[in-house]
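# Coordinates in review
Residue-level listing of the chains:
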Amino acid sequence: MIEVRRLEKTFPGKHGLLGHDAVKAVQDVSFRIPDGGAVSFIGESGCGKTTIGRILAGLENYTAGEVLVDGQNLATVDRRQREAVLRRVQLIQQDPYQALNPARTIEQALSDPLKVMAKARGADTAWILQRMEEVLGLVGLEPEAVVHKYPHMLSGGQRQRIVIARALTVEPSVLVADEAVSMIDVSLRLGVLKLLRDLREKFHISLIFITHDVASARYVGEDGQMFVIYKGMIAEQGPTDDVILHPQHPYTQALLSAVPVLKGLESPGSDRYIPLKELDHGQSPENACLFAPRCPFAQPLCETERPALQGASGHQYACHYPQERHVVAVALKE
Amino acid sequence: MSAEWPLKANTKAVGITIRDLEVVYSTGQGQVPAVNGVDLDIAGGQITGIIGESGSGKSTLAMAIMNAVPHPGRIVKGSVVVDGVGNMLTLDKESQRRARGRNLGFVFQAAQNSLNPLTRVGHQVLDLGRSHNVKDLRGLLRRAKELLHRMGMDADRVLTAYQHELSGGMRQRVGIMFALVLDAQVVILDEPTTALDMLSQASVLEIVRSIHEERDITTILITHDMGVVADLADRVVVMYGGELAEEGETAEVLAHPAHPYTKGLIQAIPRISGDLSQAVALSGSPPDLKTFMQSGCLFYDRCPERVAECQVKRPPYESAGPERKVACFRVMPHD
Ligand SMILES: Nc1ncnc2c1ncn2[C@@H]1O[C@H](COP(=O)(O)OP(=O)(O)OP(=O)(O)O)[C@@H](O)[C@H]1O
Ligand SMILES: Nc1ncnc2c1ncn2[C@@H]1O[C@H](COP(=O)(O)OP(=O)(O)OP(=O)(O)O)[C@@H](O)[C@H]1O
Ligand SMILES: [Mg+2]
Ligand SMILES: [Mg+2]
């Protein structure tokens, strides 16, 4: 189980020609994930999703707040324990090309972490080979067909499966999937999403799914929690289908409107709207709603007071004027 | 709206007729028939979506339409007749060059990186104008500004910016501005949203949609995302392994796909409402070098509906009802 309380991350500013102000990449984010559970973070580019994932995987420190993995606080455990804790949390990154060394075969890529595991439990080479076949089988690959290949000889979907297989070698309890399918051909994405879903079901691995695509977040975590992040803060949170079917925050509604409507099968939701203005990456005034500059429903209050999360405990939204709108496409009757 | 914009009544939408087009890349491993025997009518004034997996030949087809296939590719045969311009494959070099930009606007795949990194956007507009002998360069800049403003951007800022100062979504918009600023009647957009997040994608698509309608142009949209075509295109053309698998009116194809590959692509779209178990992953790998060598149907290895005949013979691309063509032995022509 992972518990995160009031997480905050500020990247320091830089002086000079290419300088910039300090970036509040994550502000006041709290969540918990039970074993086998799923949490998704959705939001557009630059809203802080990757930073949250990297903090959970121990690759980035944080400015304030607490991160507890199975009850152990990442900031206070000693170094050796920290390593053991972090091994349970495996990060799967966006680009499977970069994650794999092009000069090493799949067999070599998988045997490194397996050797460490074998040493720890006093197992032999036979165990390594058997475990390698096992993890490849788990990700839906035929071991003989891939072990002697180099990454460039595989399709994007196969490569991402190898990255997942490698993460599984250390028997993690949490996978952090950061845009894990966005570089893969659309036609092959669903296969990888299904794999992530199956891993949750079969092995009780919890999943933190980071994406800008609401539909894939729903596919892997329909029974989980969804967090909509805007400029490092939670705009809306709740059970996944609640957030999708009854969105209260205009930003969530924009993200849902962005999902393509399938002509011939669906008609657009009556309130669908798409902001043409791009996200600006500048500083936002402390006492204004972060989304106000792009919000078509903004009122004077939104410019002078930052809204706090409100709503029943399950489903919350940071908006002064929450209102459900029908932005999701409706299936046409045949 | 300014008088600079062509009025609907004045323009005649430009169609493109492609016949028996074949493009081959000579590589170390042999000849890759990246586009093979393609017959396609691009209807004037419509948005045609060309969809296919990576390597299916979409970009090559687009380049061939402009007779700009890069080395080591070569157009082996065929014709590409653009209304009012002629056959792009037989026109003299100078007329071809003029047609590219004036008649055919183009946004390259990875347009993110296709701007000149060393020159401000505004200068690049002027360079484009000079290379096409535009007399009224001020007017051209004004049109560029109008287009940028139209796309939700601070036009003055963008024109004085360098590429690295723009986000991915802004670069795509700038690419679209370049494709349209000479008043091309056909725009070809190759993967205009692939590297963008969903919200930027949606706004770029919205821009494409509204500009298409305002200007009554012919738009060709290339993508590997069925959702994108399904949302935006009037007609969809499905490519597989360098050949056409199916085409038709978008809503018709989505509601009643005929080719098993088209069905697979549609089923593999995860949805935000309804039953998740309806989404089914497409099996197998996208077409590669070996696929092209097959004598039978190119989709044979991955096809859930294949029969013996499919392994030995390539199904012809035939009419299967009004406005619909399919290359599949299992599809009976409608009466
Ligand atoms: N090492 C760093 N130094 C300074 N700023 C950073 C650093 N890493 C991230 N940021 C900034 O923090 C913010 C959040 O970035 P992050 O990568 O977490 O966003 P994201 O939601 O993952 O975006 P994307 O969808 O593009 O991957 C951005 O404004 C980014 O520029
Ligand atoms: N410069 C080149 N040299 C050799 N082969 C090439 C070259 N460009 C493309 N090909 C091959 O031609 C075929 C079609 O490529 P093309 O780029 O047209 O596909 P695409 O559908 O646009 O794919 P993507 O979705 O990846 O952009 C592929 O098999 C590709 O490997
Ligand atoms: Mg990221
Ligand atoms: Mg391409």
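This structure is a prediction, so every number in the text was calculated from the model and none was measured.

## Thoughts on the overall build of chain B
When you go through chain B residue by residue, the secondary structure sums to 12 helices and 12 strands. Here the C-alpha radius of gyration of chain B, 20 Å, is about what a compact globule of 335 residues would show, namely 20 Å. Oriented by its inertia axes, the alpha-carbon framework of chain B measures out at about 65 × 50 × 45 Å. The contacts in chain B between residues at least 6 apart in sequence include a share of 64% that link residues at least 24 apart. Summed over all atoms, the accessible surface of chain B reaches about 14000 Å², with 51% contributed by carbon and sulfur.

## Side note on the environment of R159(A)
Residues and elements named next belong to chain A. Counting through the fold element by element, R159 comes out in helix α7 (residues 156-168). Separated by 63 residues in sequence, R159 and P96 have C-alpha atoms that sit 5.9 Å apart. Excluding residues that lie within four positions of it along the chain, R159 makes contacts with P96, Y97, L100, P151, H152 and L154. Separated by 2.5 Å, the side chain of R159 and the backbone oxygen of L154 make a polar contact.

## Thoughts on the domain arrangement of chain A
Residue and element names in this part refer to chain A. Each assigned domain of chain A is listed with its residue range as follows: domain 1 (2-88 + 172-331) and domain 2 (104-171). On a C-alpha basis, the centroid separation for the pair domain 1 and domain 2 is 31 Å. Summing both sides of the interface, domain 1 and domain 2 together bury roughly 1100 Å²; the carbon and sulfur share of this comes to 77%. Its largest share of buried area at the contact with domain 2, domain 1 owes to R87, P172 and L195, together 42% of the area lost on that side. Here domain 1 is connected to domain 2 by zero salt bridges. Along the contact surface separating domain 1 from domain 2 lie one residue pair in polar contact (both at pLDDT 80 or more).

## Some remarks on the packing of aromatic side chains
For the structure shown, the criterion picks out 10 aromatic pairs over all chains. Ring geometry for F31(A) versus F41(A): centroids 5.0 Å apart, planes at 70 degrees, classification edge-to-face. A residue pair is termed long-range when its members are at least 10 positions apart, and F31(A) in strand β2 (residues 23-33) and F41(A) in strand β3 (residues 38-42) qualify at 10 residues. For F41(A), a relative accessible area of 0% translates into the label buried. Sitting over the face of the ring of Y219(A), R197(A) holds its NZ or CZ atom 4.3 Å from the ring centroid. Positioned over the ring face of Y300(B) is R306(B), at 4.6 Å from the centre of the ring.

## Some thoughts on unusual backbone geometry
The peptide bond linking H71(B) to P72(B) adopts the cis configuration, its omega dihedral lying at 0 degrees. Relative to the helices and strands, P72(B) resides in the loop between α1 (58-65) and β4 (73-82). Located in the positive-phi region is H204(A), a residue other than glycine, with phi close to 60 degrees. As for its placement among the helices and strands, H204(A) is situated in the loop between α8 (186-203) and β8 (206-211). Residue H204(A) is classed as exposed on the basis of its relative accessible area of 52%. The backbone phi angle of E191(B) is positive, close to 50 degrees, even though this residue is not glycine.

Rules used throughout
Along each chain, residues carry numbers from 1 onward, in the same order as the chain's sequence is written. Chain A is the first chain written and ligand 1 is the first ligand written, with later ones labelled in order. The predicted origin of the model limits local features to residues at a pLDDT of at least 70 and limits the giving and counting of side-chain atom pairs to 80 or more, whereas totals for whole chains, interfaces and linings rest on all residues. To get the side-chain values, take all heavy atoms of the structure and skip hydrogens and water. Segments assigned H or I by DSSP are reported as helices when at least four residues long, segments assigned E as strands when at least two residues long, and all are numbered from the N terminus. Both definitions apply: the radius of gyration is a C-alpha atom measure, and the globule rule equals 2.2 Å times residues to the power 0.38. Residues count as neighbours in contact if any of their non-hydrogen atoms are within 4.5 Å of one another. In short, Shrake-Rupley with a 1.4 Å probe defines the accessible areas, and a residue's cover is counted only from the protein chains shown. Throughout this description, a polar contact denotes any pair of N or O atoms lying within 3.5 Å of each other; where both atoms belong to protein, one of them has to be capable of donating a hydrogen while the other can accept it, and for residues adjacent in sequence the pair is counted only when both atoms sit in side chains. Either an automatic procedure or a domain database provided the assignment from which the domain bounds are taken. The buried area of a pairing is the accessible area, by a 1.4 Å probe, that goes missing from both parts when the two are put together, added over both. Between Lys or Arg on one side and Asp or Glu on the other, a salt bridge is scored when a side-chain nitrogen of the former is within 4 Å of a carboxyl oxygen of the latter. What counts as a ring pair is set by centres within 6.5 Å for rings of Phe, Tyr and Trp (its six-membered ring), and what kind of pair is set by the plane angle: stacked under 30 degrees, edge-to-face over 60, tilted for all other angles. Summary of the burial criterion: residues with accessible area below 20% of their type's maximum are buried, those above 50% are exposed, and those between are partly exposed, where the area comes from a 1.4 Å probe applied to protein chains only. As a reminder, the over-ring test applies to NZ of lysine and CZ of arginine, requiring each to be within 6 Å of the ring centre and within 35 degrees of the ring normal.

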